[in-house]
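Structural description and commentary
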Amino acid sequence: MQKIILITGASSGIGAECARASVAAGHKVALAARSKDKLSNIVEKLGSENAFALECDVTDPDAQQTMFSQAVDHYSAIDVVFANAGLGATATGTEHGEIDNFREMILVNNFAVTLTCKFGIPHLRKSKGHLVLTGSQAGHVALSGSVYSATKWFIRGYAKNLTNELSEHGVRVTSIDPGMVETPFFDNPQPQALRPEDIAQAFLYAVDAPSHARIGEIEINPMIGAHRA
């Protein structure tokens with residue numbers, strides 16, 4: 001069954017790969033990010049009949065409301081909202097971390113996600129849809145002083161809270177919690193890391209599950225010592 005999927009943080013990495021995989025699986029996508037040029041390149045490759053670009057700063061409530069309005073105007077409905085936009089740390093721990101980075105991480109990784117969920121929920125209630133959040137294995141372990149890890153603990157707990165709120169309305173909620181993924185988060189190649197394509201497979205597994213099945217959380221990690229093909 002074809003679905004309309006809105007993805008934040010869609011201009012690169014996990015978001016862009018999930019968009020490609022979704023279109024390949026027969027779905028249509030609305031792609032949101034700050035970089036209009038990157039989004040336009042992805043839309044060109046996927047085809048304007050399959051993809052729609054939405055320039056959006058996810059930390060701005062008005063911009064997010066406009067994002068949803070434009071997506072619904074274009075596609076008439078939204079079946080899946082993927083709150084994927086996220087930001088990493090610029091230094092290790094709290095003592096040596098940077099205050100501006102703390103602020104931006106919490107705004108993007110937490111506050112912006114709550115906005116995406118708040119404004120997306122009314123549309124998902126109409127479609128009996130699916131809310132997907134990008135968590136992390138950093139939200140499963142205590143990393144020394146890590147503010148980034150704390151933002152992902154928030155996502156893991158928030159996904160469970162949202163499930164309690166939305167299950168009675170027929171809306172499914174899934175948190176995808178990967179280990180290290182080779183994305184623009186990292187300046188250097190990470191040969192032991194997962195690929196964005198691996199996360200896209202997990203995303204589609206959750207999204208395309210039968211409507212009577214709810215996949216609450218997916219943990220996906222690199223195999224230690226394994227070599228990627």
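These lines cover the structure that appears in this document, whether it is placed above or below. (Residues numbered from 1 in each chain as written. Predicted model: local features only at pLDDT ≥ 70, side-chain atom pairs only at ≥ 80, totals over all residues. Heavy atoms only, no water.)

Attention shifts here to the overall build of the chain. What the chain contains, in helices and strands, is six helices and seven strands. In the chain, the succession of helices and strands from N to C terminus is β-α-β-α-β-α-β-α-β-α-β-α-β. The C-alpha radius of gyration computed for the chain amounts to 17 Å, which stays within 12% of the reference 17 Å derived for 229 residues, consistent with globular compactness. In the chain, once contacts between residues fewer than 6 apart in sequence are set aside, the share between residues at least 24 apart is 65%. Positive and negative charge centroids in the chain, built from 19 and 24 side chains respectively, lie 6 Å apart. (Helix = DSSP H or I, 4+ residues; strand = E, 2+ residues; numbered from the N terminus. Rg over C-alpha atoms; globule rule 2.2 N^0.38 Å. Contact = heavy atoms within 4.5 Å. Lys, Arg positive; Asp, Glu negative; His and termini not counted. Charge placed at Lys NZ, Arg CZ, Asp CG, Glu CD.)

A few words now on the state of the cysteines. Tallied over the full model, the rule gives zero disulfides. Of the cysteine sulfurs around Cys56, a residue in no disulfide, the closest is that of Cys117, at 14 Å. Note on Cys56: relative accessible area 4%, which makes it buried. Cys117 gets classed as buried once you look at its relative accessible area, which sits at 0%. (Disulfide = S-S within 2.5 Å. Buried < 20%, exposed > 50% of the residue type's maximum accessible area, 1.4 Å probe, protein only.)

Once that is clear, we can look at the packing of aromatic side chains. In total, this model carries three aromatic pairs according to the counting rule given. Ring geometry for Phe82 and Phe203: centres 4.6 Å apart, planes at 25 degrees, overall stacked. Of the two residues, Phe82 sits in strand 4 (residues 80-83) while Phe203 sits in helix 6 (residues 196-207), which places them 121 residues apart along the sequence. Looking at Phe82, the relative accessible area reads 1%, which means it is buried. (Phe/Tyr/Trp six-rings, centres within 6.5 Å; stacked < 30°, edge-to-face > 60°.)

A few words on helix 4 (residues 99-127). Because each turn of an α-helix spans 3.6 residues, side chains separated by three or four positions in sequence point in the same direction. Compared with an ideal rise of 1.5 Å per residue, which puts 29 residues at 42 Å, helix 4 spans 40 Å between its outermost C-alpha atoms and is within 8% of the ideal. Ile121 marks where helix 4 bends most, by close to 40 degrees; the proline Pro122 follows one to four residues later. Phi turns positive, to about 55 degrees, at Lys128, one or two residues after helix 4. (Expected span 1.5 Å × (residues − 1). Bend = angle between axes of the 7 residues up to and from the residue.)

Before going further, it helps to spend a moment on the pairing of strand 1 (residues 4-8). Among the five residues that make up strand 1, five are buried, leaving the element largely enclosed by the rest of the structure. Burial along strand 1 is two-sided: Ile4, Leu6 and Thr8 and Ile5 and Ile7, pointing in opposite directions, are all buried. Bridge analysis of strand 1 against strand 2 (residues 28-33) gives five bridges, and the strand direction is parallel. Paired with Leu6 across the bridge in strand 2 is Ala30. Assessed by its sense of winding, the connection that carries the chain from strand 1 through helix 1 (residues 13-24) to strand 2 is right-handed. Where strand 1 meets strand 4, three bridges bridge the pair, whose relative direction is parallel. Note on strand 4: the bridge partner recorded for Ile5 is Val80. (Pairing = 2+ DSSP bridges. Right-handed = clockwise from strand over helix to strand, strands pointing away.)

Turning to unusual backbone geometry, a few remarks are in order. Residue Ser76 is not a glycine yet carries a positive backbone phi of 80 degrees. Assignment of secondary structure puts Ser76 in the loop between helix 3 (61-75) and strand 4. Even without being a glycine, Lys128 presents a positive backbone phi close to 55 degrees. Along the chain, Lys128 turns up in the loop between helix 4 and strand 5 (130-134).

Remark: a regular strand shows side chains that alternate across the two faces of the sheet. Burial analysis of strand 6 (residues 172-178) places seven of its seven residues in the buried class, which makes it a mostly covered element. The sheet contact formed by strand 5 and strand 6 spans five bridges and is parallel. Across the sheet, residue Leu131 finds its bridge partner in strand 6, namely Val173. Regarding the hand of the β-α-β motif, the stretch spanning strand 5, helix 5 (residues 147-166) and strand 6 is right-handed. Judged from the four bridges that link them, strand 6 and strand 7 (residues 217-220) form a sheet pairing that is parallel. Looking at the pairing, Ser175 lines up with Glu217 of strand 7.

Look at helix 5: 28 Å from first C-alpha to last across 20 residues, which is about the 28 Å you get at 1.5 Å a residue. Looking at the buried side of helix 5, the elements it contacts are helix 4, strand 5 and strand 6. For helix 5, the N-terminal cap is Ser146; the gap from its side-chain oxygen to the backbone nitrogen of Tyr148 is 3.4 Å. (Polar contact = N/O pair within 3.5 Å; in protein donor to acceptor, adjacent residues only side chain to side chain.)

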